[in-house]
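Summary of the model geometry
Letter by letter, the chains look like this.
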Amino acid sequence: EKKWQKYASFLLSPVLMALILSIVIGGYRIKGEYYTKHILAAKQHNDWQNLLVYAADARSIFYKIDPTSMPIDWYSGAAHFSLGNVDAAWRDFELAKKQYPHNPHILNDLATCYEQKGLRQKAKDTYLESIRIHPTFADPRLNLGAIFFNEKNYFEAFKWVKSASDDAPRKAVFLEKIEVAIKKQ
């Protein structure tokens, strides 16, 4: 009987540890899901300050990416950017890129930070990478057009903006501005 108890104790110890570990990890993941729901609501209402709080509460070693595969760091980066804190946004977008390096939204937003920080060539390269991954994503095309427009390279700007999908909200207005600038040359 004692031999059986020793054997059962030996076997239950790893099982018990695995159970405890599963409960701890599950708790962190449930907490992350709970706060992700609040992150999405805050984002929808442009409530950037609360979004940052919810992102900090959601993020843990066991919960870094939401159910749609978007890193929590991307949400906090978007909030920081919307609040005008480009350095904090850049940091968060870099972290998000490490977690999901082929997400065109992350790359587009990171490229925008590069441009804001004066790293124009890196911005262009990152926009092009976003386009390579998602050829129909309009934002990096429009943003590349904006860079070329600011460089007074209006024909290149026109090319990139024209190539954006027709339902892109800024496309028509931007094309009009480029055409005016070309006529003034």
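What this report covers is the structure whose coordinates are included nearby. Because the structure is predicted, anything quoted here is derived from the model rather than measured. (Residues numbered from 1 in each chain as written. Predicted model: local features only at pLDDT ≥ 70, side-chain atom pairs only at ≥ 80, totals over all residues. Heavy atoms only, no water.)

Examining the side chain of Arg141
Relative to the helices and strands, Arg141 resides in helix H7 (residues 138-150). One buried charged side chain, Arg141, makes no salt bridge at all; its nearest oppositely charged neighbour is Glu156, positioned 9.7 Å away. Apart from residues no more than four positions distant in its own chain, Arg141 is found in contact with Ile131, Pro135, Trp160, Val161, Ser163 and Ala164. (Helix = DSSP H or I, 4+ residues; strand = E, 2+ residues; numbered from the N terminus. Buried < 20%, exposed > 50% of the residue type's maximum accessible area, 1.4 Å probe, protein only. Lys, Arg positive; Asp, Glu negative; His and termini not counted. Salt bridge = Lys/Arg side-chain N within 4 Å of Asp/Glu carboxyl O. Contact = heavy atoms within 4.5 Å.)

Brief notes about the environment of Ala58
Mapped onto the elements, Ala58 comes out in helix H2 (residues 48-58). Distance in space between the C-alpha atoms of Ala58 and Arg29 is 8.4 Å, their sequence separation being 29 residues. Here Ala58 is in contact with Gly32, Tyr35, Thr36, Ile39 and Tyr63, once residues within four sequence places are set aside.

Overview of the packing of aromatic side chains
Each aromatic ring pair is specified by the distance between its two centres and by the angle formed by the two planes. Enumeration over the complete set of coordinates arrives at 6 aromatic pairs. Here the aromatic rings of Tyr35 and Tyr54 are separated by 6.3 Å at their centres, their planes lie at 25°, and the arrangement is stacked. Here Tyr35 is found in helix H1 (residues 2-44), whereas its partner Tyr54 is found in helix H2, with 19 residues between them in sequence. Following the ring pairs from residue to residue traces out a cluster consisting of Tyr34, Tyr35 and Tyr54. The ring of Trp90 has Lys117 lying over it, and the distance from NZ or CZ to the ring centre is 4.9 Å. (Phe/Tyr/Trp six-rings, centres within 6.5 Å; stacked < 30°, edge-to-face > 60°. Lys NZ or Arg CZ within 6 Å of the ring centre and 35° of its normal.)

The values reported here are purely geometric and, on their own, carry no functional implication.
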